[in-house]
Amino acid sequence: MIVWFEGADGSGKTTLVNSLLEYGYTNIQSPPRIKNKDIELQTMMDVVTAGRASNKIVLIDRGPMTEFVYRLVDNDESYLDSVERYLQLIDGSKILYCYNKNAFANAMKRGEDNIVDVAVHRQIVNAYEHHLSMLKKFCKDVQIFWYDWEVRDIMDVLRFINN
């Protein structure tokens, strides 16, 4: 089973995935963005196939939802060629959405340069939240968990992943 870790820059996704690796979970690296979107799509499909074929719970830091949300905000070219393809990629998986009121400041402290404008960061957060609301309403086979590391405990995450 695949668990996607989604959220805006600085929200704690990578830190959480790294912490969960100590519990014996497997991590598959999400493919990097490249100019050839056909190859990028095929690489993501290969990641999903490998995750589904595994007999373990597989953690993936960023996935199709990131692609959907960030391209919605920046209008850059996407490897997602249809809504059907997007839904095919996330079908039957779990989504752990990381959010935190200090995410933008955290990203800036770490020197991230993907999003350097607080207004754009807010657009991304809003897009994630609207998108998650739609998924919850229309995609009953995708389980979603909202995680704020300042409020929730890693045990909450473990319960979500394992149930």
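Residues numbered from 1 in each chain as written. Predicted model: local features only at pLDDT ≥ 70, side-chain atom pairs only at ≥ 80, totals over all residues. Heavy atoms only, no water.

1. Details of the side chain of Asp61
Then, in step 1: Residue position: Asp61 is located in strand 3 (residues 58–61).
Then, in step 2: Buried and without a salt bridge, Asp61 has Arg62 as its closest oppositely charged side chain, separated by 4.8 Å. (Helix = DSSP H or I, 4+ residues; strand = E, 2+ residues; numbered from the N terminus. Buried < 20%, exposed > 50% of the residue type's maximum accessible area, 1.4 Å probe, protein only. Lys, Arg positive; Asp, Glu negative; His and termini not counted. Salt bridge = Lys/Arg side-chain N within 4 Å of Asp/Glu carboxyl O.)

2. A few points about the sheet that holds strand 1 (residues 2–6)
Then, in step 1: The strand order 2-3-1-4-5 describes an open sheet built from five strands, whose pairing is parallel. Of all the strands in the sheet, just strand 2 (26–27) and strand 5 (143–147) have a single pairing partner and so form its edges.
Then, in step 2: Along the sheet, helix 1 (residues 13–21) makes contact with strand 1, strand 2, strand 3, strand 4 (94–98) and strand 5, crossing strand 3 at roughly 155°. (Pairing = 2+ DSSP bridges. Contact = heavy atoms within 4.5 Å. Axes fitted to C-alpha atoms, helices over the stretch in contact; angles between N-to-C directions.)

3. What about the packing of helix 1 against helix 7 (residues 154–162)?
Then, in step 1: At their nearest, the axes of helix 1 and helix 7 sit 12 Å apart, and the two run at 75° to each other. For the element pair helix 1 / helix 7, the angle class is roughly perpendicular. Packed against helix 1, whose contacting residues are Leu16, Ser19 and Leu20, the element helix 7 presents Ile154, Val157, Leu158 and Ile161 at the interface.
Then, in step 2: Tallied by class, the residues present in the contact of helix 1 with helix 7 amount to six nonpolar, one polar and no charged. (Parallel < 35°, antiparallel > 145°, perpendicular 65-115°, else oblique. Nonpolar A, V, L, I, M, F, W, Y, C, P; charged D, E, K, R; others polar.)

4. Focus on the nonpolar core
Then, in step 1: In terms of nonpolar packing, the biggest core is built from 29 residues, with Trp4, Met65 and Ile95 touching the most fellow members.
Then, in step 2: When residues of this core are traced back to their parent elements, those giving at least two are strand 1, helix 2 (37–53), strand 3, helix 3 (64–74), helix 4 (83–90), strand 4 and helix 6 (118–138).
Then, in step 3: Ranked by residues supplied to this core, first place goes to helix 6 with six residues.
Then, in step 4: Counting residues in each nonpolar core, the second largest holds 15 residues, with Leu16, Val17, Leu158 and Phe160 among its members. (Core = buried A, V, L, I, M, F, W, Y, C linked by side-chain atoms within 4.5 Å.)

5. Focus on the pattern of salt bridges
Then, in step 1: Scanning the model with the defined rule gives nine salt bridges in all.
Then, in step 2: Among the ionic pairs, Glu40 bridges to Lys37, the shortest N-O distance being 2.7 Å. Of this pair, Glu40 and Lys37 both sit in helix 2, three residues apart, roughly one helical turn.
Then, in step 3: Judged by relative accessible area, Glu40 falls into the buried class, the value being 2%.
Then, in step 4: By relative accessible area, Lys37 is classed as buried at 11%.

6. Overview of helix 2
Then, in step 1: For helix 2, which comprises 17 residues, the first-to-last C-alpha distance of 24 Å matches the rise-based estimate of 24 Å (1.5 Å per residue) to within 8%.
Then, in step 2: Here helix 2 has its buried residues at Lys37, Glu40, Leu41, Met44, Val47, Val48 and Gly51. For helix 2, the angular spread of buried residues about the axis comes to 120°, placing them on one side. Along helix 2, exposed side chains directed more than 90 degrees from the buried face belong to Asp38, Thr49 and Ala53.
Then, in step 3: N-cap assignment for helix 2: the residue whose side-chain oxygen lies 3.0 Å from the backbone N of Asp38 is Asn36. (Expected span 1.5 Å × (residues − 1). Arc of directions from axis to C-beta. Polar contact = N/O pair within 3.5 Å; in protein donor to acceptor, adjacent residues only side chain to side chain.)

7. Focus: the side chain of Ser30
Then, in step 1: Secondary-structure assignment places Ser30 in the loop between strand 2 and helix 2.
Then, in step 2: Separated by 2.9 Å, the side chain of Ser30 and the backbone oxygen of Arg62 make a polar contact.

8. Looking at the environment of Val120
Then, in step 1: Tracing the backbone through its elements, the reader meets Val120 in helix 6.
Then, in step 2: Since its relative accessible area comes to 27%, Val120 is described here as partly exposed.

9. Focus: the confidence of the model for the chain
Then, in step 1: Residues of the chain with pLDDT of at least 70 account for 100%, and the chain-wide mean is 92.
Then, in step 2: Taken element by element, the predicted model of the chain shows its lowest mean pLDDT in helix 5 (residues 103–109) (84) and its highest in strand 1 (97). (pLDDT = per-residue confidence, 0-100.)

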